[in-house]
Amino acid sequence: HEMKLMARLQQGLEAIKGVHICGTKNLQRRVATLSVTVDNFDPSDVGTMLDVEYGVQTRTGLQCAPLIHEHMGTTPRGTVRFSIGPMNTEEHVETAIRAMAEIASDRN
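Let me sum up the structure you'll find in this document. All values reported here derive from a predicted model rather than from experimental measurement.

Thoughts on the pairing of strand E4 (residues 79-83)
Pairing of strand E2 (residues 33-38) with E4, which is carried by four bridges, proceeds in the antiparallel orientation. Bridge pairing in E4 places threonine 33 opposite serine 83. Examined bridge by bridge, strand E3 (residues 59-61) and E4 share three bridges and lie antiparallel to one another. Bridging across to E4, glycine 61 finds its partner in threonine 79.

Right under this line is the structure:
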């Protein structure tokens, strides 16, 4: 269930201009979390907009892993991380994709 939703989230976010997925896109080598950056936005601003305007909760910043962010080139600001759990639904994922598309379109 979680990986099916992750596949849809990844597919949807990949299609949005200005949104960049961090890490592997191979779902066989991924867990149900996905970190992204958005051109011309600070991750904390994206996280706040997702929460306040769309009701989508994420984790932003370095997520207690500054060394991996150095490796990925996402320091000092970090990323926006989506995590999917057993209680998430297809509607949750579609809401997140729509929200990210609207946010990214504001500056691209």
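Regarding the side chain of threonine 79
With respect to the helices and strands, the residue threonine 79 is situated in strand E4. Classification of threonine 79 as buried rests on a relative accessible area of 0%. At a separation of 3.5 Å, a polar atom in the side chain of threonine 79 contacts the side chain of serine 35.

Describing the environment of serine 35
Along the chain, serine 35 falls in strand E2. Remark: the alpha-carbon pair of serine 35 and threonine 60, spanning 25 residues in sequence, is separated by 8.9 Å.

Examining the sheet that holds E2
Here we have four strands laid out as an open sheet, ordered E1-E2-E4-E3, and antiparallel in their pairing. Sheet topology places strand E1 (19-22) and E3 at the edges, where each strand pairs with a single neighbour. Pairwise comparison of adjacent strand axes, ignoring direction, gives a mean angle of 30° for this sheet. Inspection of the sheet shows E1 paired to E2 by four bridges, in the antiparallel sense. Bridging across to E2, cysteine 22 finds its partner in serine 35. On the sheet, helix H2 (residues 43-54) packs against E2, E3 and E4 and is oriented at approximately 40° with respect to E4.

Considerations on helix H1 (residues 2-14)
Here H1 spans 18 Å end to end across 13 residues, near enough to the 18 Å set by a 1.5 Å rise per residue. Three or more residues of H1 are buried, namely Leu5, Met6, Leu9, Gln10, Gly12 and Leu13. With its buried residues spanning 165° around the axis, H1 presents them on a single face. Residues of H1 that are buried make contact with E1, E2, E4 and helix H4 (90-105).

Overview of H2
For H2, built from twelve residues, the straight-helix expectation of 16 Å at 1.5 Å per residue is met to within 8% by its first-to-last C-alpha distance of 16 Å. Among the residues of H2, Pro43, Val46, Gly47, Met49 and Leu50 are the ones counted as buried. The buried residues of H2 occupy an angular sector of 160° when the element is viewed end-on, so they sit on one face. Set apart from the buried face of H2 by more than 90 degrees, the exposed residues are Val52 and Glu53. Among the structural elements, E2, E3, E4 and H4 are those in contact with the buried residues of H2. Just downstream of H2, glycine 55 is the residue with a positive phi angle, here 70°.

Definitions and limits used
- Residues numbered from 1 in each chain as written.
- Predicted model: local features only at pLDDT ≥ 70, side-chain atom pairs only at ≥ 80, totals over all residues.
- Heavy atoms only, no water.
- Pairing = 2+ DSSP bridges.
- Helix = DSSP H or I, 4+ residues; strand = E, 2+ residues; numbered from the N terminus.
- Buried < 20%, exposed > 50% of the residue type's maximum accessible area, 1.4 Å probe, protein only.
- Polar contact = N/O pair within 3.5 Å; in protein donor to acceptor, adjacent residues only side chain to side chain.
- Axes fitted to C-alpha atoms, helices over the stretch in contact; angles between N-to-C directions.
- Contact = heavy atoms within 4.5 Å.
- Expected span 1.5 Å × (residues − 1).
- Arc of directions from axis to C-beta.

By themselves these figures say nothing about function.
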